[in-house]
Amino acid sequence: MEREVYYVKNMKTQFHYFVSSLTFVFCIFAKGPCQPHNHDFHPTIFGNQNRRFNKVWFSGHSNWLEYNVSKDAAYYLCCYLFKPDIGGQSGGKCQDLMNQKQHIETVVCKQSNQKKARYKIRLNTSIEVARYLSTQGLAFRGHGESESSNNPGNFIQLVKNFGRINPDIKALILNNAPLNQKMTSPDIQKEIVNAFAMDIMNVIISDLCDSPFCLMVDEARDISMKEQMALLIRYVDKCGSVIERFLGVEHVTDTSALTLKANIDNVFSRYGLSISKLRGQGYDGASNMRGQFNGLKTLIFNENPSAYYIHCFARQLQLALVAVARKHDHISSLFDFTTRVLNKQSKEILEALDLGEISTGRGLNQETNLKRAGDTRWSSHYNTLLSLINMFGAVIDVLELIGGDASSTSHRTESQDIVDRLLSFDVLLSLFLMKKVLAITNELSQALQRKDQDIVNAMTLVQVSKIQIQSLRESGWSSLLDGVTTFCEKHGVDIPQMDAKYVARGRRRRNEEEMTKLHYYKIETFYIVLDMQLGELNARFSDSTMELLMCFSCLDASNSFSHYNKEKLLRLVDFYPKDFTELDKCKLSDQLDNYIVDMRLSKDFFGLNGITDLARIMVETRRNKVYPLVYMLLTLALTLLVATATVERAFSAMNIIKNGLRNRMNDEWLSDSLLVFIEREVST
């Protein structure tokens, strides 16, 4: 590749020098000979007579005769330019030079245009192949790329396919191309994808323009165990829509806050982003991210006090669910037991498939296996509990079949123990209770992970979840008990007498207070679990610590702007001193008076669901020009993030791009490939 580059550069240098020299000569000749008609020609003694140049000769020989005043001598222009050794051919050469069609530059350029056309065909073929592979996240190279290889890799194979489709392309690519112009080398492939990435970044930065934005950062290890930091931005575009864009991944030597901050500064410098326009920052809540004294959040906030940190709402919800699952003994036991059932059932299904006792395929056994819960998304436990309830009878049958046919005593004992616990009222009550709780929080979790979710609507959804759990606590016990009782009757599970004394499993504790089963199920389980869940949600989504978000909630357009509060909206000016002056605060007060009347009277703003719809309609009706300060508040509210799910999706994409077979990708190649793959909407 280096030899090819040197050859091309050397050839270009020689060509340009050659053409420039000819151009210089051509320009002199095209200007014509120097013929000073008004010059006073001095006489010169030749023998016994005085002779001097006669300017009349210029009119008779206007094409070639010239006179040099400083040397007081006449010249034949053709001989002067092409030297005396050319002799009588000089006149013909000059005429050829004056003929534009025979000019050497024309001949060379004509030949160069043909080469350029062929080169362009080869380049376009490589570009389209690279575009397809990069947007689909596919590998470029193969294990062997020689001519005799049966599988030279996706890139070479697709280039060959282009040739099969179009004979004109086939005549110019691969073996039919010059050795230094095949356009298939790994370096060329990387340069093409890098050009895609640069073009995408230019579009993103152009769309961002001078708007305020929010930064999202997270770090994870790739397949080669290298720490990678992913960066995304969130902003409002010219149409009033919320946009989240991926900037790339940066390899970091460690995950300390100072190292992450230095890499963020490098990325900002590379793309011309200013930290002064940063209005929000969001991370996963790790200590190196949100530490009060030395965390990344603090380092950025010290540099820009308007860059407010918002803890990922989805992460807070997850932590609230995890806290309840860990603090309550019976709920923790329920999830541990569910994991045992999943592992046991999955193992036996695989063994049955291997033995040929059951077959698989499209439409067969699609619901045979229970849905497994994810480790980082506790909302996925909802699907696990739901599938366990729906497949309860089948699970019992499988476990009993395993216990009866097991060859070892340990397998029979384990299966029987799982069946006994599944057929107990205690487990089923906890199962149905957590299904109800997770059904409420599952909707919240799904909504929080949407890209276009705004902070005001997210807070409303959190409040709705709190109200639903409180309502379940106040009036949900009877319906829960009836549902569990009906389920027990259907599957032959013994229903305990609620007035009977409750006896816990295991050894009785000293001085343990006696209680009825009704008291235990209703008070110790039902009420305590819901109280713990409400407590965790209130602690992590506390209104008292979210003054900024509560002020933004006054922009909510639902119910005819029922949450509107002028004093709280004016309070927002104090949070953003870089965006509003004292004069702007006075203007904002007057704009708000006109704004709220206009919004409530205009039919365009009826039935809006949140500030996302409000911003979009304001742009469509050009109200953003009428109330620019109010629209600035809307922009700042929409800029604040709700969840960092987009960053986690970037790491999922990284596992697709850099997998076990492509674990030697360098950092720049990985970042470019990820950018094209994730932002393929922009690249197309």
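All of the points below concern the structure found in this document. (Residues numbered from 1 in each chain as written. Predicted model: local features only at pLDDT ≥ 70, side-chain atom pairs only at ≥ 80, totals over all residues. Heavy atoms only, no water.)

**Notes on the sheet that holds strand E6 (residues 227-236)**
With mixed pairing, five strands are arranged side by side in an open sheet as E7-E6-E5-E8-E9. Both edges of this open sheet fall to strand E7 (242-251) and strand E9 (308-309), since each of them pairs with a single strand only. Looking at chain direction, strand E8 (residues 278-282) and E9 are connected through two bridges and run parallel. Note on E9: the bridge partner recorded for Gln281 is Tyr309. Together, strand E5 (213-221), E6, E7 and E8 form the strand contacts of helix H27 (residues 628-639), whose direction differs from that of E6 by roughly 155°. (Pairing = 2+ DSSP bridges. Helix = DSSP H or I, 4+ residues; strand = E, 2+ residues; numbered from the N terminus. Contact = heavy atoms within 4.5 Å. Axes fitted to C-alpha atoms, helices over the stretch in contact; angles between N-to-C directions.)

**Examining the packing of aromatic side chains**
The tally for this structure, following the rule as stated, stands at 14 aromatic pairs. For the pair Tyr308 and Phe575, a centre-to-centre distance of 5.9 Å together with 70° between the ring planes defines the contact as edge-to-face. With Tyr308 in strand E9 and Phe575 in helix H23 (residues 566-575), the pair connects residues that are 267 residues apart, well separated along the chain. Residue Tyr308 shares its accessibility class with Phe575, and that shared class is buried. Ring centres 6.2 Å apart and planes at 50° place the aromatic pair Phe552 and Tyr576 in the tilted group. A residue pair is termed long-range when its members are at least 10 positions apart, and Phe552 in helix H21 (residues 547-552) and Tyr576 in the loop between H23 and helix H24 (582-601) qualify at 24 residues. The same class applies to Phe552 as to Tyr576, namely buried. Here the aromatic residues Phe301, Tyr308, Phe552, Phe575 and Tyr576 are joined through ring pairs into a cluster of three or more. Here Arg473 stacks its cationic end above the ring of Tyr527, 4.5 Å away from the centre of that ring. (Phe/Tyr/Trp six-rings, centres within 6.5 Å; stacked < 30°, edge-to-face > 60°. Buried < 20%, exposed > 50% of the residue type's maximum accessible area, 1.4 Å probe, protein only. Lys NZ or Arg CZ within 6 Å of the ring centre and 35° of its normal.)

**Considerations on unusual backbone geometry**
One non-glycine residue, Met225, lies in the positive phi region at around 65°. Mapping Met225 onto the fold places it in the loop between E5 and E6. Residue classification places Met225 among the exposed residues on the basis of a relative accessible area of 54%. Even without being a glycine, Phe561 presents a positive backbone phi close to 60°. One can find Phe561 in helix H22 (residues 558-561). With relative accessibility at 2%, the residue Phe561 sits in the buried group.

**Points about the nonpolar core**
One finds Ile264 and Ile300 to be the most contacted residues of the largest nonpolar core, which totals 64 residues. Looking at this core element by element, the count peaks at nine residues for helix H8 (residues 186-208). In contact with Ile300, other than residues within four places in its own chain, are Leu215, Lys261, Ile264, Ile275, Leu278, Gln281, Tyr283 and Ala307. Grouped together as the second largest cluster of nonpolar side chains are 48 residues, Ala320, Ile331, Val493 and Met498 included. (Core = buried A, V, L, I, M, F, W, Y, C linked by side-chain atoms within 4.5 Å.)

**Observations concerning the side chain of Asp237**
Here Asp237 shows up in the loop between E6 and E7. For the buried residue Asp237, which engages in no salt bridge, the nearest side chain bearing the opposite charge is Arg245, 7.0 Å off. Here Ser241 takes part through its backbone nitrogen, which lies 2.8 Å from a polar atom of the side chain of Asp237. In this structure, Asp237 is in contact with Asp207, Ile243 and Tyr631, ignoring residues within four places of it in sequence. (Lys, Arg positive; Asp, Glu negative; His and termini not counted. Salt bridge = Lys/Arg side-chain N within 4 Å of Asp/Glu carboxyl O. Polar contact = N/O pair within 3.5 Å; in protein donor to acceptor, adjacent residues only side chain to side chain.)

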